[in-house]
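Here are the chains, one letter per residue:
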Amino acid sequence: MVADMSGGCHDRPASEPDLPAPPDLPASEPDLSVLAEIQQRVLWLATRIVDAANHDRDTGDGVKVGGHQASSASLVTAMTALYFAYLDAPDRVSVKPHASPVFHAIQYLLGNLDRGYLPTLRAFGGLQSYPSRTKDPDGVDFSTGSVGLGAAAPLFAAATRRYVDAHFGARPRSRYVALLGDAELDEGNIWEAIADPATDGLGDVLWIVDVNRQSLDRVVPGVRIAQWEQQFAAAGWHVTEAKYGRRLQAAFAQPGGAALRDWIDAMPNEHYQSLFGLQPADVRARFCDGAPAAVAAFCAGLADDDLASLVTDLAGHDLGALLAAFAECDQAKDRPSVVFAYTIKGWGLPIAGNPRNHSALLSTTQIDRLREQTGLTPGTEWDRLDPMTSAGQWAAARREHLTRVPAAPAPLVAVPDSAGLRAGRPTSTQEAFGRILVELSRAQSVAPYLVTTAPDVATSTNLAGFINRMGVFSPAARRAWSQDPVLKWAEGPAGQHIELGISEMNLFLLLGQLGLAWDLSGQPLLPVGTVYDPFVLRGLDAFIYSVYSGARFIVAGTPSGVTLAPEGGAHQSTITASVGLELPNVTFIEPAYATALDWLLCGALQSVAAANAGAGGPAPAGAGGPAPAEAGSYYFRLTTRSIDQQPFQAARDRLGDAMLRRQVLAGAYRLVDASAAAQAGAPEVCLAASGAVLPEVLVAAAELADEGIAASVVDVTSADRLYRAWQRTLRQAVRTATTPSLPGALRGAFPAGARGVAPGAGSPAAQHPGSGGSAGVPVVTAHDAASHTLSWLGSALGVPAVSLGVDSFGQSGSVADLYRANDLDSGSIVNAALAALSLR
Ligand SMILES: Cc1ncc(C[n+]2csc(CCOP(=O)(O)OP(=O)(O)O)c2C)c(N)n1
Ligand SMILES: [Mg+2]
């Protein structure tokens, strides 16, 4: 046609609103006239919530508040049908970002949101502009905002539930619903998600596309919908439409009606949308512009007003038609379903169908008129539905129907402090990572909860050992047609690796939902994903989406950096360390040695286990002391470069396991301690480095020692934890107007003299002998990543610093070639140390 015209439910909130006890109702069948009354109130409240944000509050800063009345109106009917007729308590819903006011209006009418929130859309501490799991007060199931991601999330939540049911027993059935805008279908991640075999056959998924034929800027050109429908069908989805309203359907059945239908079906979006801005008297000429005579003849039998409302009668605003479409989808139990619901952007508002209406706001006069049409006054405008009316009673019954039984807290998964990896011979962190997972797969307390996933890089990121032991997940057992003596690829319902096609978007969306399984499926998991490190950036928006949503998981980016030398610039990551450091809710970790990785990975799993059990607090203390209190996800940046483990063993012998583990977890430890030489009077320098470059740094330290310079080496295992510790003390000082102290993690790892002009409280520079002068011991940082990532250390320590790293795109070569090209060879590090000393 016409062209392309062609949440959740909630645990009861703490504060009970003043609703009466639900009456005894013959509840199951909704009365459409009651639903129609409810949807008019939803339309009013959603519109007024945006209006209040813009007109009732003085922000004092002159910045437009905004909001989306037209995008909201478009989904009022579908969301009324869902929440007031279709959904059951276990169902989960993702709401199109710009329809958040509709969601809040509905939660308010259901009694799940206090009235005081209604005028707080987009205010600090108020209702978020787009649905947020972590910040909204009324039980958002899926955060949305970056279009495409929130829509795909329920698909991965359903895949997660399928996995959980297969491994831990079936839970009460949930349906996973996504409400998405038609222009969201332009986002590639949508098609990546539906094409992946990991999402095949998910019969509990229902997507509802709000086909209002408009995006932000324009009327979507031409007729797209047939292509979209074919793409869904080709991916194995059940596809249906809610297209023509009942009046249009009746018209089609009349003589001449077929021509009318054909005409509407062939009409481009632009032509169809232009009808909405017209007075009824002008609709006939525009509608019939270019039409066959039969259409004009059919229309001649209708009065102007009737014709205008007939040709814009769309099923997306027909409650009965939508409920019928949803019910039809429920019958398709072996595959996901999508309903293309034809709607009007701005439905029921004076801005309906206007191509410029995306951010349009009703005037105060228009709001006054809408209030009056809804039968409200300024005194009653925020009221809930009158409990004495059928609509009020129906809302109360739905509130009961949608109330979830809170899940019992899950027992804490006991993760050991160490997987007991034996690390005598030279090894890489990537290899150690694979071996640690194999060790953990032998630990009965942990193994059942581990689930790994990768976008077609499982074997090349060393997950093969884990996969050999635990198998690959498939809802049904699959025959293996070839036997590989090294890698068993046994697929069946007991498998604990979920393989994805090459889509880093899908990786992070799946990790996000696995990491929310404790909430959305009542089952804590320990999700671990792997990805080639440069392609973390390919999935970055989904990574951000998932951690913004509060998901906890572990991802290993490997191999990383120019150390992946022969692979060349397209595979060498440079800025990922900075991304890891800066991403909120993510702890970035880049160890160099296998045992450090063992402790750090177990610590991260402990923290994920604690958070996913709903405990939320710090990880339980292990023998070596508690892992830092974090409630987010973990990003390990690893390498395939095999390095000698002896230097770590030496530090272990010198510091002892308890102290060393504490420092490794805190973010840094002293790998080489040159303080004795410094105390004997040698000029002192500190070399701080992360990851694969440590061997060059150790050689440089030895060369410096030969030249009579005391060079300590600090292995920075987590620049993120160090930086956070530093920032915490600074912010604390800023907020309390006191002198900042140097955080313990920095104090413990860096030589006393390297804490020159930024002394800890009570430890002024002058107290440090051998500090080499008032500016303290200079620092060189070295990292196979952008030099910026560690460059702040100089400032934190208050000493001169020279930062070495990779600040241009990589290229093919040997490790030595690439390190030389980026000044990461030992000679350059020595020169950097001399330069740093000269800066004192
Ligand atoms: C990834 C991303 N890009 C751009 C935007 C800005 N944006 C918000 S809504 C929108 C248009 C959405 O159109 P549609 O999905 O059809 O929703 P409608 O408002 O028409 O219901 C755009 C481009 C965004 N939120 N996310
Ligand atoms: Mg749209």
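Residues numbered from 1 in each chain as written. Chains lettered and ligands numbered in written order. Predicted model: local features only at pLDDT ≥ 70, side-chain atom pairs only at ≥ 80, totals over all residues. Heavy atoms only, no water.

## Digging into empty space enclosed by the protein
Here comes step 1: In this structure, the largest cavity encloses a volume near 50 Å³.
Here comes step 2: As for the largest cavity, its lining consists of Thr429, Ser560, Gly561, Thr563, Glu590, Pro591, Arg637, Leu638, Thr639, Gly691, Ala692 and Asp784.
Here comes step 3: Among the residues forming the lining of the largest cavity, the class breakdown is three nonpolar, six polar and three charged. (1 Å grid on protein atoms, 1.4 Å probe; cavity = no way out; pocket = protein on both sides within 12 Å on 5 of 7 lines; lining within 4 Å. Points joined across faces, edges and corners; volume = space filled by probe spheres on them. Nonpolar A, V, L, I, M, F, W, Y, C, P; charged D, E, K, R; others polar.)

## Looking at the confidence of the model for the protein
Here comes step 1: Per-residue confidence for the protein averages 92 on the pLDDT scale, and 92% of its residues sit at or above 70.
Here comes step 2: Note that pLDDT drops below 50 for residues 615–628; the model gives that stretch 30 contacts with residues more than four away or on any other chain.
Here comes step 3: Long-range and interchain partners of residues 757–774, a stretch whose pLDDT sits below 50, account for 31 contacts in this model, where long-range means more than four residues apart. (pLDDT = per-residue confidence, 0-100. Contact = heavy atoms within 4.5 Å.)

## Brief notes about the sheet that holds strand β5 (residues 337–342)
Here comes step 1: Taking strand neighbours across the sheet as the criterion, the five strands line up as β1-β2-β3-β5-β4 in an open arrangement whose pairing is parallel. The sheet is open, and its two edges are formed by β1 (92–95) and β4 (238–242), each paired on a single side. With direction set aside, neighbouring strand axes in the sheet form an average angle of 15°.
Here comes step 2: Pairing between strand β2 (residues 176–181) and strand β3 (residues 205–211): six bridges, direction parallel. Across the sheet, the residue bridging to leucine 179 is isoleucine 208, located in β3. (Pairing = 2+ DSSP bridges. Helix = DSSP H or I, 4+ residues; strand = E, 2+ residues; numbered from the N terminus. Axes fitted to C-alpha atoms, helices over the stretch in contact; angles between N-to-C directions.)

## Comments concerning the sheet that holds strand β18 (residues 801–804)
Sheets are built from strands that pair by backbone hydrogen bonding, the pairs being arranged parallel or antiparallel.
Here comes step 1: Pairing is mixed across the open sheet formed by five strands, whose spatial order is β14-β16-β15-β17-β18. Where the open sheet ends on each side, the last strands, each with one partner, are β14 (668–672) and β18. On average, each strand axis in the sheet is inclined to that of its neighbour by 25°, with strand direction left out of account.
Here comes step 2: Taken together, the four bridges between strand β17 (residues 779–783) and β18 define a ladder with parallel strand orientation. Pairing of valine 780 across the sheet is with valine 802, part of β18.
Here comes step 3: Strands in contact with helix α28 (residues 694–706) are β14, β15 (684–690), β16 (710–716) and β17; relative to β15, the strand with the most contacts, it is inclined by about 170°.
Here comes step 4: Of the strands in this sheet, β15, β16, β17 and β18 touch helix α31 (residues 788–797), which is tilted by about 160° from β17.

## Side note on the site of ligand 1
Here comes step 1: Surveying the vicinity of ligand 1 reveals 18 residues, the closest of which are Ser71, Lys96, Asp182, Gln214 and Lys345.
Here comes step 2: Taking lysine 96, its side chain carries an N or O atom lying 2.6 Å from an oxygen atom of ligand 1.
Here comes step 3: In the model, an oxygen atom of ligand 1 is placed 2.9 Å from a nitrogen or oxygen of the alanine 183 main chain.
Here comes step 4: Split by residue class, the shell around ligand 1 holds three nonpolar, nine polar and six charged. (Near = heavy atom within 4 Å. Polar contact = N/O pair within 3.5 Å; in protein donor to acceptor, adjacent residues only side chain to side chain.)

## Comments concerning the nonpolar core
Here comes step 1: Counting 158 residues, the largest nonpolar core has Tyr83, Phe84, Trp207, Leu260, Phe287 and Phe543 as the members making the most contacts within it.
Here comes step 2: Residue contributions to this core peak at twelve residues, all from helix α2 (residues 32–55).
Here comes step 3: In this structure, Val446, Val528, Leu638 and Leu704 belong to the second largest nonpolar core, which totals 81 residues. (Core = buried A, V, L, I, M, F, W, Y, C linked by side-chain atoms within 4.5 Å. Buried < 20%, exposed > 50% of the residue type's maximum accessible area, 1.4 Å probe, protein only.)

## Thoughts on helix α22 (residues 540–548)
Here comes step 1: Among all positions in α22, only Leu540, Ala542, Phe543, Tyr545, Ser546 and Val547 are buried.
Here comes step 2: Buried residues along α22 sit in contact with α6 (149–168), α20 (504–514), β11 (554–557), α23 (576–582), β12 (586–589) and β13 (633–637).
Here comes step 3: Just downstream of α22 lies glycine 550, where phi reads positive at about 95°.

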